[in-house]
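Overview (structure and organization)
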Amino acid sequence: MNLEYRRMRPSDVRRIGEMERELFDNPWSPGIFLIEIQNKNVAHPYVLLQGKMIIGYTVVWKIEREIHIGNIAVDKKYQRKGYGAFLMQKIFDTFQDYEVIYLEVRATNKPAISLYEKFGFGTLYRRKHYYPDGEDALVMARYRERKL
Ligand SMILES: CC(C)(COP(=O)(O)OP(=O)(O)OC[C@H]1O[C@@H](n2cnc3c(N)ncnc32)[C@H](O)[C@@H]1OP(=O)(O)O)[C@@H](O)C(=O)NCCC(=O)NCCS
């Protein structure tokens, strides 16, 4: 299968920008990914490649013992093959000394919510009209020591 998982590079952001536009209603621009790549103290942007093709990516922020999953995505053609779970597992393998992991997700994004629940996340609360089109966000979390 020839999978590679490595830190995101500036040369990756064009392809990632295309994937964002295909996958999200409010895509991050390539410039945002460039900022994340440079923000080395806090941001941990990673890509998953099959051969030379980027098929998925994550952006994680770690501040002290708090982790925030800012972005996770798998190319449409590669979805439902286990790569989303692979990326989540990589996050847990990489960041073991955390208290809590947070993320936000569109309330109707069933695939993502199901993925997060599989990895032990629960819903903390709902942010009404969080997204520009008015959709609510769920703020989800997984604590290391306690169940939600
Ligand atoms: C969410 C996302 C990353 C999942 O990636 P994926 O590679 O398709 O996920 P996997 O194949 O590893 O599936 C893992 C689990 O996710 C859930 N899942 C994935 N796709 C699903 C779907 N279409 N419907 C319901 N559950 C789904 C399931 O729980 C699945 O476990 P299962 O296969 O045992 O049912 C992918 O759908 C995606 O990139 N979506 C667009 C971007 C996005 O919304 N990102 C999240 C932003 S908060």
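Below, the structure is looked at part by part.

Right, let's get into the overall build of the protein. In terms of helices and strands, the protein carries four helices and seven strands. Overall, the protein shows an N-to-C arrangement of helices and strands of β-α-α-β-β-β-α-β-α-β-β. Over its C-alpha atoms, taken along the principal directions, the protein stretches across nearly 40 × 35 × 30 Å. Across the 148 residues in the protein, those meeting the buried criterion constitute 44%. Pairs at least 24 apart in sequence give 60% of the contacts found in the protein among residues at least 6 apart. Summed over all atoms, the accessible surface of the protein reaches about 8,700 Å², with 49% contributed by carbon and sulfur. Between the mean site of the 25 positive side-chain charges and the mean site of the 19 negative ones, the protein shows a separation of 4 Å.

In space, the seven strands of this open sheet follow the order E1-E2-E3-E4-E5-E7-E6, with mixed pairing throughout. At either margin of the open sheet sits one strand with a lone partner, and together these are strand E1 (3-7) and strand E6 (122-127). Neighbouring strand axes in the sheet, compared pairwise and without regard to direction, differ in orientation by 25 degrees on average. In this structure, E1 lies alongside strand E2 (residues 43-50), joined through five bridges in antiparallel fashion. What sits directly across from Leu3, in E2, is Gln50. On the sheet, helix H2 (residues 30-38) packs against E1, E2, strand E3 (53-63) and strand E4 (66-74) and is oriented at approximately 55 degrees with respect to E3.

Note on placement: Ile113 falls in helix H4 (residues 110-118). Along the sequence, Ile113 and Ile54 sit 59 residues apart, while their C-alpha atoms lie 23 Å from each other. Apart from the residues within four sequence positions on either side, Ile113 is in contact with Val105, Arg106, Ala107, Leu138 and Met140.

Conventions and cut-offs
- Residues numbered from 1 in each chain as written.
- Predicted model: local features only at pLDDT ≥ 70, side-chain atom pairs only at ≥ 80, totals over all residues.
- Heavy atoms only, no water.
- Helix = DSSP H or I, 4+ residues; strand = E, 2+ residues; numbered from the N terminus.
- Buried < 20%, exposed > 50% of the residue type's maximum accessible area, 1.4 Å probe, protein only.
- Contact = heavy atoms within 4.5 Å.
- Areas by Shrake-Rupley, 256 points an atom, 1.4 Å probe, with all protein chains shown as cover.
- Lys, Arg positive; Asp, Glu negative; His and termini not counted.
- Charge placed at Lys NZ, Arg CZ, Asp CG, Glu CD.
- Pairing = 2+ DSSP bridges.
- Axes fitted to C-alpha atoms, helices over the stretch in contact; angles between N-to-C directions.

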